[in-house]
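Listed below are the residues making up each chain.
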Amino acid sequence: MSLCWKNVLALVFTLSILGTTLNAQERAKLIGRVTDQETGEEIIGASILVKGTGTGTATDIFGNYALNLVNGTHVLQLTYIGYESQEIEVVLQNAETKELNITLKPDAQQLDMVEVVAKKDQRSEASMINTVKESDMVVSGVSAELIAKQGGGSAADVMKRIPGITLIENRFVMVRGLNQRYNSVLVNGVGVPSTEPDAKVFSFDILPSSMIDQLLVYKSGSAELPGEMAGAVIDVTTRNDLTEDFNSISLSLGARVGTTGQRFLFDQGSGMDYTGFGTNNRAWGNQFPQKLSSNANEAAQQAQSLNNNWAWSEGTALPTGSISYSMGRLFDVGGLEMSNITSVGYSNDYKTSEVSNYKYSPGGTASIYNSEGNKFENSTKTYVLSNFSARWNSNNKIEFKNLFNQIGEREMFEREGEDLANNFLQKDYSMRYQSRSFYMGQLSGEHELSDDKKLTWTTGLSTMRMNEPDWKRIRYQGGYVSAEDNPNRYNDLPLAFFNQANLDYNSRYSSELNENIYNARVDYEQTFENPYHSDKKIKLNAGLYGEASKRDFSVRWTSITPFPNNAPETPVYGADMNTIFAPENFGPGGWTMREGTNPSDAYSAESTLLSGYLGASLPIGKFTFNGGARVESFNQNIMSEGLMENVDNNNLNILPFANVSYDINDKMLLRAAYSKTINRPSFRELAPFNFYDFEMRANIVGNSNLKQSEIQNIDLRWELYPSENESISIGTFYKSFKNPIEMFIQPNQNTIFTYENAEAATSAGIEVEVKKSFKDISHFDLIHHSSLSLNASLIHSTMTLGENSMEVNSERPLQGQSPYVVNLGYYYDNPQTGWAFNLLYNTYGQRIYSVGDGQNSYPWYEMPRQLIDLNISKEFNNNWEVSLNVENLLNAKYQLYVDGNADGKIDTSNENDNMVMESYSGQAFTLGLSYKF
């Protein structure tokens, strides 16, 4: 791993030198507005090219443009459909900022005589709104232009801006209030693995926002989209096309309330922790046996080979920080038009979270456990993105795209609690480090075979590596004493031990996950002359998709226990842990070690997906009919010694779809969509592995009997596009689930979560989306440059529980479904002054976190949160930009409640409905500085 890190550093250095060398010339800035000569209205999307170069831009939704050019004389070429072309000479000097407003004269005859050949600009907001309007599906999206205006360092920050989206843990996505398991994620059109070992989710914070061309969220199905979805298919397209060379450097420095400058606990780390490759010093090593001896004396000797790194230290949390460098180059190689976009970045973050846990007797009235703790997290992230493009003529292009992420997460957890059921006081510590590596590479081609035939193809490899070399847990425990009787009661507790292997008592845990996904797809599109519509052609599309996944996962864990019949003196809190567990103290009169690893703690998994589709689009008058089907053959295998019989799932699914739109006029349309989709259990949900979540004090175990879920989806929507940068839509949707997969809490003295299929469910809702610009309302600056976006959904879901259900309530919502979701965004952007401002608000209704039967186990609910994020930025002196970002302005808390009276809702004033978990980490303030050259 260290070699890989050295290569990353070498790449950063090389690119930095290259960027500095090739871009040493001083640059000036040309800004202005393009308007209609007769009406004075802004012209959106006008092309401005610098004659004799590849440099150019297009006007934005306000008719504004900006070009960064070297000092000297330039000739601008302006073109727009329906207007006379112009050439204007401009002189720039002394790195000045020069304003040049331009008017274009309409040319009515031009529309009949000119043939326009241009490359589609995916990066503008006007282009995005047009993409949404012209799509055959129900879709929302955000463009690179809007991403740049809104700030935000990752795709997760971008997702906050999309209608109907709720962000979980600031990185996972829920659509229309549905559990994140119902989303499929594509990057450049192909599937990617789950980024989390224990959940079916994708972490959007690993993708840098500056490298995104567009982000689309498809809420209805189609032939070319994966059949596995019910919430949405989310497709992220990374940057590749260039019009000019560029370089940019960004720096940020941040502080978090309650963390920065405050007490912070650190484990005995590695000198490589700051790189994300901090596993080596923590690894158990080759001298430690594959299985501990059952003989106490032999096991004690074997334990001496492990690193003695049990102690921790107390320090102060540093500010968070990040740095990134991006560059783009256009060049020719042997007649090929080549381009490359490369971006490298590094961040180091500190966060302290206050976490409280509670447990109650059945019915929720009497407290049997409560605790308060602090989780200290130090995470580093390094990414390298490098995309290449080669074009040998206007009809053929090859792209090679790469993304690598290295994440290191160092965590200390300190917790003090009262075990009232057993009359104990407990003080727990957890020390863990996890290293994760993610790589995704894609080779793709796009070929215009003729004016009416197009072929595209992609091959890809995605890898996920997770290594948790040595997770250590310690418990101090003693008889209950009240705080009034002993204010320092937790500091007098003795070290607790158990005579058998137990994860809560002085345990060491190591896990490793390796997953590879290979995929390939080919898509063919052909258009035909349409006898029913003069402007829109008939379109036929067909394609094949294949995907093979393989995962290997293993866990090993042990516990330190007193040597049988010859135990040491019991240490008390405050004694040095490295002294207590020093190698010489293992043996008679000291400690031994016991193996705790179970057969179910390792599994291997494979899956193969083969699919093909056929679809057609037929415009007839004001109607457009789009329909077809997708066929998916899926095989999934789970192999583990913990299974009585290995899992071997085989499914063949025929997934029809139909979309119909009716153009009421050129600005208004009606849309209806139907699709059949599926939702498959993940490897983790099927595997017998029992994971203990220290933070939640809960076990999570898989269920090998899970079946795939089938979903029928119906959407109806009215859409209005008052202008090229505005849209309004009102829609309704209905989903019918067969065998939905839900998380249940098992009847047990301990908290155990597992997964089960319910019989059926329905989900129906109303959704409103508004994107409104105020530029035509007033010329007053604050109003003229402002815009508003709103999304609100009201959803009702109902379960069909079946005859075998043990639940008390005969009716309840689908697990993970929120009854409402609201997103509101205010944006201000003034290109003339360089000021930009946006304020984002999100909330959602309480939803079932885990299902309980209401008799022996009770459902948990996640409570609503009011989330507000703020971003302010100022561009000045040509290419400099300063920004301030505030995350979670209200410091909203994450809360889970138990429905102790099983009445299907949480009433915080009811003695039966009580909090089981609360977590919050304070507001985060980030000051950023970027320079483009």
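Residues numbered from 1 in each chain as written. Predicted model: local features only at pLDDT ≥ 70, side-chain atom pairs only at ≥ 80, totals over all residues. Heavy atoms only, no water.

Quick look at the domain arrangement of the protein chain
When the parts come together, some accessible area is lost, and that loss is often what is quoted as the size of the interface. Selection criterion: By convention here, the domain bounds are inherited from an automatic or database domain assignment. When two components associate, each loses some accessible surface as probed by a 1.4 Å sphere; the sum of these losses over both components is called the buried area. We define a salt bridge as a side-chain nitrogen of Lys or Arg found within 4 Å of a carboxyl oxygen belonging to Asp or Glu. Between N or O atoms, a polar contact is any pair within 3.5 Å; within protein, one atom must be a potential hydrogen donor and the other a potential acceptor, and residues adjacent in sequence are included only when both atoms are from side chains. Elements are defined by DSSP. Helices are runs of H or I of four residues or more, strands are runs of E of two residues or more, and each kind is numbered from the N terminus.
Considered domain by domain, the protein chain is made up of domain 1 (27-104) and domain 2 (296-932). Each of domain 1 and domain 2 was reduced to a C-alpha centroid, and the two centroids are 44 Å apart. Carbon and sulfur atoms supply 43% of the area that domain 1 and domain 2 bury against each other, a total of about 1,200 Å² over both sides. Joining domain 1 to domain 2, the criterion identifies two salt bridges. A salt bridge links Lys 775 to Glu 42; its shortest N-O distance comes to 3.4 Å. The interface formed by domain 1 and domain 2 contains three residue pairs in polar contact (both at pLDDT 80 or more). Among the secondary structure elements, those contributing two or more residues to the side of domain 1 that touches domain 2 are β1 (27-36) and β4 (64-70). In terms of residue count, β1 provides more of the side of domain 1 that touches domain 2 than any other element does, four residues in total.

Considering the sheet that holds strand β6 (residues 86-92)
So the rule is basically this: Two strands make a pair as long as DSSP finds a minimum of two bridges between them. Here an angle of 0 to 180 degrees is reported between the N-to-C directions of two axes, which are lines fitted to C-alpha atoms, with helices fitted over the stretch in contact.
Sheet architecture is open: four strands sit in the order β3-β2-β5-β6, paired in antiparallel fashion. Looking at which strands have only one partner, the edges of the open sheet turn out to be β3 (56-58) and β6. Averaged over all adjacent pairs, the angle separating strand axes in this sheet is 20°, with direction ignored. Bridging between strand β2 (residues 47-50) and strand β5 (residues 72-79) involves four bridges; their strand directions are antiparallel. Of the residues in β5, the one forming a bridge with Val 50 is Leu 76.

Quick look at the pattern of salt bridges
Spelled out, the test is: The rule is simple: take the accessible area with a 1.4 Å probe, protein chains only, and divide by the maximum for that residue type; under 20% is buried, over 50% is exposed, in between is partly exposed.
Inspection of the entire model under this criterion finds 52 salt bridges. Of the charged contacts, one joins Lys 472 and Asp 470 as a salt bridge, the two residues approaching to 3.3 Å between their closest N and O atoms. Accessibility expressed as a relative area gives 3% for Lys 472, which makes it buried. What makes Asp 470 buried here is its relative accessible area of 2%. Connected via shared salt-bridge partners are Arg 176, Lys 219, Arg 671, Asp 715, Arg 717, Glu 719, Glu 767 and Glu 769.

Points about helix α6 (residues 296-303)
Residues that lie three or four places apart on an α-helix share one face, since the helix turns once every 3.6 residues. Put simply, the rule reads: Our arc is simply the arc of the directions from the helix axis toward the C-beta atoms.
Taken together, the buried positions of α6 are occupied by Ala 299, Ala 300 and Ala 303. Taken end-on, α6 shows its buried residues confined to a sector of 105°, consistent with a single buried face. In this structure Asn 295 caps α6, since a side-chain oxygen of it lies 3.0 Å from the backbone nitrogen of Asn 297.

Let's talk about the sheet that holds strand β32 (residues 690-693)
Each strand in a sheet pairs with its neighbour through backbone hydrogen bonds, running either in the same direction (parallel) or in the opposite one (antiparallel). If you trace the four strands from one edge of the open sheet to the other, you get β32-β33-β37-β36, paired in mixed fashion. Single-partner strands in this sheet number two, and they are β32 and β36 (741-745). Averaged over all pairs of adjacent strands, the angle between their axes in this sheet comes to 30°, without regard to strand direction.

Section: the pairing of strand β24 (residues 453-479)
Note on strand geometry: in a regular strand, side chains alternate between the two faces of the sheet. Bridge count for strand β23 (residues 424-450) against β24 is 23 bridges, and the pairing is antiparallel. Residue Gln 442 lies in a different strand from β24, and its bridge partner there is Gly 460.

Quick word on the environment of Thr 73
Rules: Working rule for contacts: check all heavy atoms of both residues, and any pair within 4.5 Å makes them a contact.
If you trace the backbone, Thr 73 turns up in strand β5. Exposure remark for Thr 73: the relative accessible area of 51% places this residue in the exposed category. For the pair Thr 73 and Gln 426, spaced 353 residues apart in sequence, the C-alpha separation works out to 75 Å. When near neighbours in sequence (up to four residues on either side) are disregarded, Thr 73 contacts Glu 89, Val 90 and Val 91.

Topic: a nonpolar patch on the surface
Counted only if it meets this: Residues form patches when they are more than 30% accessible in relative terms and have no salt bridge. Like charges link within 9 Å. Nonpolar side chains (Val, Leu, Ile, Met, Phe, Trp, Tyr) link within 5 Å. Surface exposure here means Shrake-Rupley accessible area, sampled with a 1.4 Å probe, where a residue is shielded only by the protein chains that are shown.
Together, Ile 249, Leu 251, Ile 323, Phe 876, Trp 880 and Leu 929 line one region of the surface with nonpolar side chains, adding up to about 470 Å² of accessible area. Within the secondary structure layout, Trp 880 lies in strand β45 (residues 880-887).

A few points about the packing of aromatic side chains
Here is the rule we go by: The rule is short: rings of Phe, Tyr and Trp, with Trp giving its six-membered ring, pair when the centres are within 6.5 Å, and they are stacked under 30 degrees, edge-to-face over 60, tilted in between.
One pass over the full model with this rule turns up 29 aromatic pairs. For the ring pair Trp 312 and Tyr 429, a centre distance of 4.2 Å and an interplane angle of 25° mean the geometry is stacked. Here Trp 312 is found in strand β18 (residues 312-316), whereas its partner Tyr 429 is found in strand β23, with 117 residues between them in sequence. By relative accessible area, Trp 312 is classed as partly exposed at 23%. Among the residues examined, Tyr 429 registers a relative accessible area of 0% and is labelled buried. Residues Phe 753 and Tyr 849 carry aromatic rings whose centres are separated by 5.8 Å and whose planes lie at 75° to one another, so their mutual orientation is edge-to-face. Highlighted residues: Phe 753 in strand β37 (residues 752-757) and Tyr 849 in strand β42 (residues 847-850), separated in sequence by 96 residues. Note on Phe 753: relative accessible area 1%, which makes it buried.

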